[in-house]
Amino acid sequence: MKSRSVFEGLTAAQRDIVSYWKSTARNGALPTRADIDPGKLRAHLGSISLIEVDLDGEARFRLVGTRLQPLLGGDARGRSLSSLSGDVSSLWSRDLERTIKKQTATGGVTERSEDRHAWLRLPLDPGTDGLGLILCHDVFLKQKTEHISPFSSLFPPIFPQLAA
């Protein structure tokens, strides 16, 4: 299957992962699971999950990174997304259907009240069995805060020669 992705990523981690994913594609075809070398994604493994979508549309975790396990209540391998709480399920369900149907990379950074959710959904070649495989990357970042100048920079020094 051909990848029609133009998404390059918004965060440094997303750009790194998307670049690697694209580099594993052969002749414009989607990479397979076997094409993905975990060693090349070592810095990101804790935030990576692999989701398999069966022919009936049921999505299950095949792999879950260690940084994601607390959010999922432990190792979620084999669990369906529908078995998770609504909020958590919706995080991973984001753009899965579009990613599978269009065989294109999707991702973004979603502002939430408590944090920012940086996410990727990268399709892998389903092979002959037709199961959809999605390489996911999910990171929860602190909210952006306004940059506040240090107190000393608010007032010019009275004696500039002493301010060095």
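Residues numbered from 1 in each chain as written. Predicted model: local features only at pLDDT ≥ 70, side-chain atom pairs only at ≥ 80, totals over all residues. Heavy atoms only, no water.

1. Looking at the confidence of the model for the protein
Quick reminder of the rule: Confidence per residue, as judged by the predictor, is encoded in pLDDT with a range of 0 to 100. A run of H or I in DSSP counts as a helix once it spans at least four residues, and a run of E counts as a strand once it spans at least two, with each numbered from the N terminus. Contacts: residue pairs with any heavy atoms within 4.5 Å of one another.
Taken as a whole, the protein shows an average pLDDT of 81; of its residues, 80% reach a score of 70 or greater. No element of the protein has a lower mean pLDDT than helix 5 (residues 151–154), at 42, and none a higher one than strand 2 (residues 59–64), at 94. When the criterion is pLDDT under 50, residues 146–164 qualifies, and its contacts beyond four places in sequence or with other chains add up to two contacts.

2. Re the environment of L50
Inspection of the secondary structure puts L50 in strand 1 (residues 48–53). Placed 71 residues apart in sequence, L50 and R121 show a C-alpha to C-alpha distance of 9.4 Å. Discounting residues that sit within four places of it in the chain, L50 has contacts with R33, R60, F61, R62, L63, L124, L133, I134 and L135.

3. Let's talk about the packing of aromatic side chains
Stated formally: Any pair of Phe, Tyr and Trp rings, taking the six-membered ring for Trp, is counted once the centres come within 6.5 Å. Such a pair is stacked with planes under 30 degrees apart, edge-to-face with planes over 60 apart, and tilted for the rest.
Here the structure, examined in full by the defined rule, presents one aromatic pair. Pairing F61 with W92 gives two aromatic rings, centres 5.8 Å apart and planes at 75 degrees, and the pair type is edge-to-face. Placement of F61 in strand 2 and of W92 in helix 3 (residues 86–93) is noted, with a sequence separation of 31 residues between them.

4. Concerning the sheet that holds strand 2
As a reminder, the rule being used: By the convention used here, strands pair only if DSSP detects at least 2 bridges between them. Only the stretch in contact is used when fitting a helix axis, every axis being a line fitted to C-alpha atoms; angles between N-to-C directions are given from 0 to 180 degrees.
Strand order in the open sheet formed by five strands is 2-1-5-4-3, with antiparallel pairing between adjacent strands. Two strands lie at the open edges of the sheet, namely strand 2 and strand 3 (106–111), each paired on one side alone. Pairs of neighbouring strands in the sheet enclose a mean axial angle of 25 degrees, with direction left out of account. Across six bridges, the pairing between strand 1 and strand 5 (residues 132–141) is antiparallel. Considered in strand 5, the bridge of I48 is made with H137. Most of the contacts of helix 3 go to strand 5, to which it runs at about 120 degrees, and overall it touches strand 1, strand 2, strand 4 (116–124) and strand 5.

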